[in-house]
Amino acid sequence: MNVADILIEALPYIRQFSGKTIVVKYGGHAMVDQGLKKDFSDDITLLKYIGLKPVIVHGGGPQINKVLDAMGITSKFVRGMRYTDDATMDVVEMVLGGKVNKEIVAGINSRGGRAAGLTGKDGNLITAEKMTIYQDNADNKPPEIIDPGMVGRVKEINPEIIHTLTDRGFIPVIAPVGVGENGETYNINADHVASKIASALSAERLILLTDVDGLLDSNLKLIPSVNAGTIKEMIKTKDIKGGMIPKMECAMDVLEDGVQKAHIINGTRPHALLLELFTDSGIGTQVFQ
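First things first, this report covers the structure right here in the doc.

Procedures and definitions
- Residues numbered from 1 in each chain as written.
- Predicted model: local features only at pLDDT ≥ 70, side-chain atom pairs only at ≥ 80, totals over all residues.
- Heavy atoms only, no water.
- Helix = DSSP H or I, 4+ residues; strand = E, 2+ residues; numbered from the N terminus.
- Rg over C-alpha atoms; globule rule 2.2 N^0.38 Å.
- Buried < 20%, exposed > 50% of the residue type's maximum accessible area, 1.4 Å probe, protein only.
- Contact = heavy atoms within 4.5 Å.
- Areas by Shrake-Rupley, 256 points an atom, 1.4 Å probe, with all protein chains shown as cover.
- Lys, Arg positive; Asp, Glu negative; His and termini not counted.
- Charge placed at Lys NZ, Arg CZ, Asp CG, Glu CD.
- Arc of directions from axis to C-beta.
- Axes fitted to C-alpha atoms, helices over the stretch in contact; angles between N-to-C directions.
- Parallel < 35°, antiparallel > 145°, perpendicular 65-115°, else oblique.
- Nonpolar A, V, L, I, M, F, W, Y, C, P; charged D, E, K, R; others polar.
- Pairing = 2+ DSSP bridges.

Before going further, it helps to spend a moment on the overall build of the chain. Counting secondary structure elements, the chain contains nine helices and 16 strands. Computed over C-alpha atoms, the radius of gyration of the chain comes to 19 Å, within 12% of the 19 Å expected from 2.2 N^0.38 for 289 residues, which places it in the range of a compact globule. When the backbone C-alpha atoms are referred to their principal axes, the chain occupies close to 60 × 40 × 35 Å. Split into buried and exposed, the 289 residues of the chain put 48% on the buried side. Intrachain contacts of the chain at a sequence separation of at least 6 include 73% that bridge at least 24 residues. Total accessible area computed for the chain in this model is approximately 13,900 Å², and 51% of it derives from carbon and sulfur atoms. Within the chain, one finds 31 positive and 36 negative side-chain charges whose respective centroids are separated by 2 Å.

Written out as structure tokens, the structure reads:
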């Protein structure tokens, strides 16, 4: 396929998405590889220039681990979630809201975009509440209640500050830190934040960047398209398990809230966003109602 054919293939998708909001959860290896970071900045800037409204929610687990290790603070995880005591929360907020967020903003701006960094505290964007984990026990014993520290879940999204930025041509870049009703700070899973923001913005698409190609079948082949009903059945039969379960749950949640489709894509592929949005075949798994 020559360059002209590629552009013509992209044309109907550019027309479809023009003026629409696309929420992208940015995480995984794509955030630490220098070449992939540049590709991501280019992709986001291009989306903006051709008329889309990209909104980015980012993670930063490896960067947090690096700083915690340097400070001699041991990282502990509870059912896949970082145990967040006061000292860890200070590091999480510093790394996510400071170093990582500003690096993403600077990367986009260096490619000609206009990005602005936020945390959930800005404009009361993310109101959060403490998360409690219930661990099932054997022999019909009551479930164990586990306290993960200052780990939260989204209670409410106030998107006013996002609208203010996008209406003025900026690309919001959001760190997944929320604020409680008494001003306390919570560390929140970035996939969860991205899905709630996509719902609050009535986004056209939610895109979750991962380090895998998407949802795989029992033969480890990519499932390019799947509906919510099939996902629920695959979770019951344990054909979907591990870290893919919460991602698929986020995808189903946004569909129920009116987002048209959710996508799980491999962010380690160069220009993954463009390939998923603007080609007929895509590269990952799209989830629809």
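Although it is not a glycine, Lys-238 adopts a positive phi angle of roughly 65 degrees. Within the element layout of this structure, Lys-238 appears in the loop between helix 7 (228–236) and helix 8 (244–256). Overall, the relative accessible area of 64% leaves Lys-238 in the exposed class. Positive phi, close to 55 degrees, is recorded for His-271, a residue that is not glycine. Mapping His-271 onto the fold places it in the loop between strand 15 (261–266) and helix 9 (272–278).

Another point: helix 7. Taken together, the buried positions of helix 7 are Ala-228, Ile-231 and Met-234. The arc that holds every buried residue of helix 7, seen down its axis, measures 120 degrees, which confines them to one face. The secondary structure elements touched by the buried residues of helix 7 are strand 14 (225–227), helix 8 and strand 16 (285–288). Lys-238, located one to two residues past helix 7, shows a positive phi value of around 65 degrees.

The next thing to look at is the packing of helix 6 (residues 190–200) against helix 8. The N-to-C vectors of helix 6 and helix 8 enclose an angle of 10 degrees; their axes lie 9 Å apart at closest approach. For the element pair helix 6 / helix 8, the angle class is roughly parallel. Contacts between helix 6 and helix 8 involve Asp-191, His-192, Ser-195, Ala-198 and Ser-199 from the first element and Lys-247, Cys-250, Asp-253 and Val-254 from the second. Split by residue class, the contact of helix 6 with helix 8 holds three nonpolar, three polar and three charged.

Turning to the side chain of Thr-21, a few remarks are in order. Here Thr-21 shows up in strand 1 (residues 21–26). Judged by relative accessible area, Thr-21 falls into the buried class, the value being 15%.

Another point: the pairing of strand 16. Going residue by residue along strand 16, you find Thr-285 and Val-287 tucked away on one face and Gln-286 and Phe-288 left uncovered on the opposite face. Judged from the three bridges that link them, strand 14 and strand 16 form a sheet pairing that is parallel. Bridged to Val-226 within strand 16 is Val-287. For strand 15 and strand 16, the ladder comprises three bridges, and the chain directions are antiparallel. Along strand 16, the bridge assignment pairs His-263 with Gln-286.

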